[in-house]
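# Structure at a glance
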Amino acid sequence: MPIVRVGFGLLCLTLLAPLARSQEVLSLEERTLLEKIERDSIEYFIRYSDRETGLTHDSSRPDSPASIAATGFSLASLAIAQSRGWIPRDEAYHQIRRTLETLRSEAYHQNGFFYHFLDPKTGKRVWRSEASSIDTALLLAGALLASQYFPETDIPRLAQTLYERVDWKWMMNGSRLLCHGWKPESGFLPYYWDSYNELILLQALAIGAPKNAIPREAWDAWDRLEDEYNGKRIVYSYTGSLFTYQYAHAFIDFRKLWDRDINYFENSRRASIANWEYSLSFKDQSKTYSETSWGLTACLGPGGYRAYGGKPGLGVQDGTIAPHASIGSLVFTPDLSLAAIKFFYQQYKDSLYGPLGFKDAFNLDKQWWSPEYLGIDQGVSVLMLENFLSNGGIWGRFMTLPAIQKWVELCGLNEPHSLRRNRNISRSAVSSTTSLVR
Amino acid sequence: MIRKERRHNFFINKPLQLRYMGILTAILLVILLVSLASAYFGIWGEVLNAFSDEKIQNDLLTASRLQQYDEARHARASGQGFSALSFFTQAERLSDRQQEIFKEILNQTHQNLGVKLLLLLALVAAGSLFISHKVAGPLYRFEHVLQQIREGDLTVRCHLRKFDEARSVAHSFNLTLESLNERVSRLEKIVRENEKNPERLLSLLREELSHFKTSADR
């Protein structure tokens with residue numbers, strides 16, 4: 001059953017409304033707070049990226065390896081920081097260039113796919129990690145976005161080199177879907193990106209790639225599983241974690257894109273509301289949850305990193321929530337997210353907020369406060385805050401990339417299928433009428 | 001060829017052997033368990049202490065974190081089972097995830113140890129059966145020979161197997177029997193040869209019986 005059944009024009013207005021409305025009604029105090037969080041979160045990438053290689057640590061924990069996904073967010077964050085005047089343009093340029101050079105010539109990769117975790121000092125593969133498809137996509141997205149901020153420099157050339165080096169077809173391993181990764185010891189992992197989640201970004205870059213692109217048919221090969229929660233029909237991810245509804249959206253503007261009759265911006269808006277409702281349903285059982293305290297996503301918890309999430313999906317929860325979850329949904333649910341961000345900052349500033357923005361998560365029932373920041377979580381906060389505060393500043397740049405335009409064109413995402421079908425029917429009707437007149 | 005001395009039943013004197021086996025097995029098991037427990041807790045305690053080292057802690061945390069990332073991405077369920085980790089006070093210094101990893105390791109160890117302990121128990125039981133057999137067998141022989149002596153047969157001898165316990169006792173026992181048999185035989189001979197001379201018979205009997213010490217002497 002298609003997710004969106006409302007009129008196209010009406011939905012467009014609905015989709016554009018949240019961002020526009022909140023832009024106008026943000027108080028100076030709110031704007032200042034959001035900018036502070038964005039700026040502080042960017043500081044993570046300055047402090048936890050290696051000075052020589054530019055590779056970014058996975059987390060603020062000592063001895064944490066470099067993560068290529070975090071490095072991708074770092075490239076994006078540095079570009080944003082210089083555009084806002086928070087760091088000198090030259091400094092950002094040199095750091096981004098240095099990082100891209102490391103990735104081009106030193107970082108270990110297989111057929112262009114970088115290993116998930118690298119030694120931040122040397123770029124060598126560590127912890128027997130896999131050459132990861134999704135993490136390479138997040139890295140490339142960051143690199144391509146950064147190249148949009150430095151159009152007349154060698155950054156776009158370096159980013160393009162990395163992009164063209166990736167053999168996307170190889171990662172399909174002869175199947176119709178992209179594999180999660182590959183290890184030298186055991187070959188391809190037994191997991192494929194087969195249903196809705198952050199895979200959209202991976203698919204977009206793989207289909208739109210200038211070289212070794214995967215066939216357009218791969219776009220139709222993954223499952224769009226739908227279910228309902230509190231009357232909201234949602235194409236859901238298996239875990240129901242909020243980040244799965246956010247990562248691709250941090251780069252791609254889905255407000256005017258249609259996958260058949262599915263609009264993923266609207267889908268993420270519903271998923272965010274469902275996530276809020278789901279945590280509220282446990283309000284009596286957990287002190288953490290309230291109307292202004294929500295956000296179930298994959299994050300650190302008292303027992304380690306877990307894929308917390310809402311419904312539809314697995315819906316794993318134990319009273320642990322992550323501030324970056326509500327920040328990541330700011331563009332979808334500005335009122336709910338803003339209320340949560342203000343609440344977290346005002347109520348738990350001493351325990352939850354540090355010099356690098358919000359720490360990863362907390363759990364009031366167990367009186368547990370994450371001592372760490374995670375690179376990818378700071379990254380999605382930065383990008384979504386930037387999109388929100390600059391009225392889609394990242395989306396505007398990312399959507400003009402030739403690869404993204406190619407993907408949109410090839411997959412026919414510019415309008416709902418139903419609209420196209422209706423137009424075709426109308427054309428046929430006109431044609432028939434004309435032939436009758438003749 | 002079946003050896004003449006071979007015993008066909010493991011249980012010759014069942015109550016004795018069972019008691020013997022029980023005592024032996026219990027003593028062996030107690031010694032074994034005490035040694036094993038001290039080694040077990042000592043080794044694991046040291047391992048857990050080593051995990052408190054900051055560098056190892058960080059490495060362990062990174063390893064478990066990467067595994068958690070994988071689990072979150074592939075949405076695999078992690079099992080929660082019985083664990084003896086609560087016996088280790090050192091475990092309190094580990095994070096929840098580290099404790100989970102240790103629980104898995106301990107459970108695996110327990111499964112391996114359990115199988116080996118059962119095997120060990122079977123070996124101890126078989127061993128004690130073998131040993132008790134070597135003790136109960138001779139006792140049974142002695143009992144049987146003594147019964148025949150009580151019935152007046154002084155020609156019987158106690159023959160034990162090559163590796164039975166109490167072979168030297170049996171040897172002394174047989175020498176005693178030999179001596180007794182000789183003396184009684186001599187008495188019989190005296191009676192047989194002096195039936196027609198009662199005075200000489202009495203004198204010789206007195207002479208011969210003076211070598212014996214009995215309750216009638218009191």
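These figures come from a predicted structure and were not determined experimentally. (Residues numbered from 1 in each chain as written. Chains lettered and ligands numbered in written order. Predicted model: local features only at pLDDT ≥ 70, side-chain atom pairs only at ≥ 80, totals over all residues.)

Here we take up the overall build of chain B. Along the backbone of chain B there are five helices and zero strands. Walking chain B from its N terminus toward its C terminus, one meets helices and strands in the order α-α-α-α-α. Taking all 218 residues of chain B together, 13% fall into the buried category. Residue pairs in contact within chain B that sit at least 24 positions apart in sequence constitute 58% of those at least 6 positions apart. (Helix = DSSP H or I, 4+ residues; strand = E, 2+ residues; numbered from the N terminus. Buried ≥ 20, exposed ≤ 12 C-beta atoms within 10 Å, placed from the backbone. Contact = placed C-beta atoms within 7 Å.)

With that settled, the discussion passes to helix α4 (residues 89–105) of chain A. Along an α-helix, residues three or four apart share an orientation, since each turn contains 3.6 residues. All names here are of chain A. The terminal C-alpha atoms of α4 lie 24 Å apart, and with 17 residues this matches the ideal 24 Å at 1.5 Å per residue to within 8%. For α4, the set of buried residues is Ala92, Gln95, Ile96, Thr99, Leu100, Thr102 and Leu103. Looking straight down α4, one finds that the buried residues subtend no more than 155 degrees of arc, so they occupy a single side. In α4, the exposed positions angled more than 90 degrees off the buried face are occupied by Asp90 and Ser105. Residues of α4 that are buried sit in contact with α3 (68–83), α5 (133–149) and α6 (155–165). (Expected span 1.5 Å × (residues − 1). Arc of directions from axis to C-beta.)

Residues and elements named next belong to chain A. Counting 135 residues, the largest nonpolar core has Ala79, Ala146, Leu178, Leu201 and Leu205 as its most contacted members. The biggest single contributor to this core is α5, with eleven residues. Ignoring any residue separated from it by four or fewer positions in sequence, one finds Ala146 in contact with Leu75, Ala76, Leu78, Ala79, Ile96, Ile155 and Ala159. (Core = buried A, V, L, I, M, F, W, Y, C linked by C-beta atoms within 7 Å.)

With that settled, the discussion passes to the interface of chain A and chain B. By convention, interface size is frequently given as the accessible area that disappears when the constituent parts associate. Residue-level contacts link 18 residues of chain A with 14 residues of chain B. If you tally residues by element for the side of chain A that touches chain B, the top one is strand β11 (residues 304–307) of chain A, at four residues. Grouping the constituent residues of the side of chain A that touches chain B by class yields eleven nonpolar, four polar and three charged. (Nonpolar A, V, L, I, M, F, W, Y, C, P; charged D, E, K, R; others polar.)

Another aspect to go through is the pairing of β11 of chain A. On a regular strand, one side chain projects to one face of the sheet and the next to the other, so that they alternate. Residue and element names in this part refer to chain A. Pairing between strand β10 (residues 298–301) and β11: four bridges, direction antiparallel. From the neighbouring strand, Gly301 faces β11, where its bridge partner is Gly304. Hairpin connection of β10 to β11: two residues between the antiparallel strands. (Pairing = 2+ DSSP bridges.)

With that settled, the discussion passes to the sheet that holds strand β7 (residues 187–188) of chain A. All names here are of chain A. Pairing in this open sheet of three strands is antiparallel, and the strands run β5-β6-β7 from one edge to the other. Of all strands in the sheet, those bounded by a partner on one side alone are β5 (131–132) and β7. Across two bridges, the pairing between strand β6 (residues 181–183) and β7 is antiparallel. Residue pairing in the sheet places Trp182 in a bridge with Phe188 of β7.

By themselves, these are just geometric observations and shouldn't be taken as functional.
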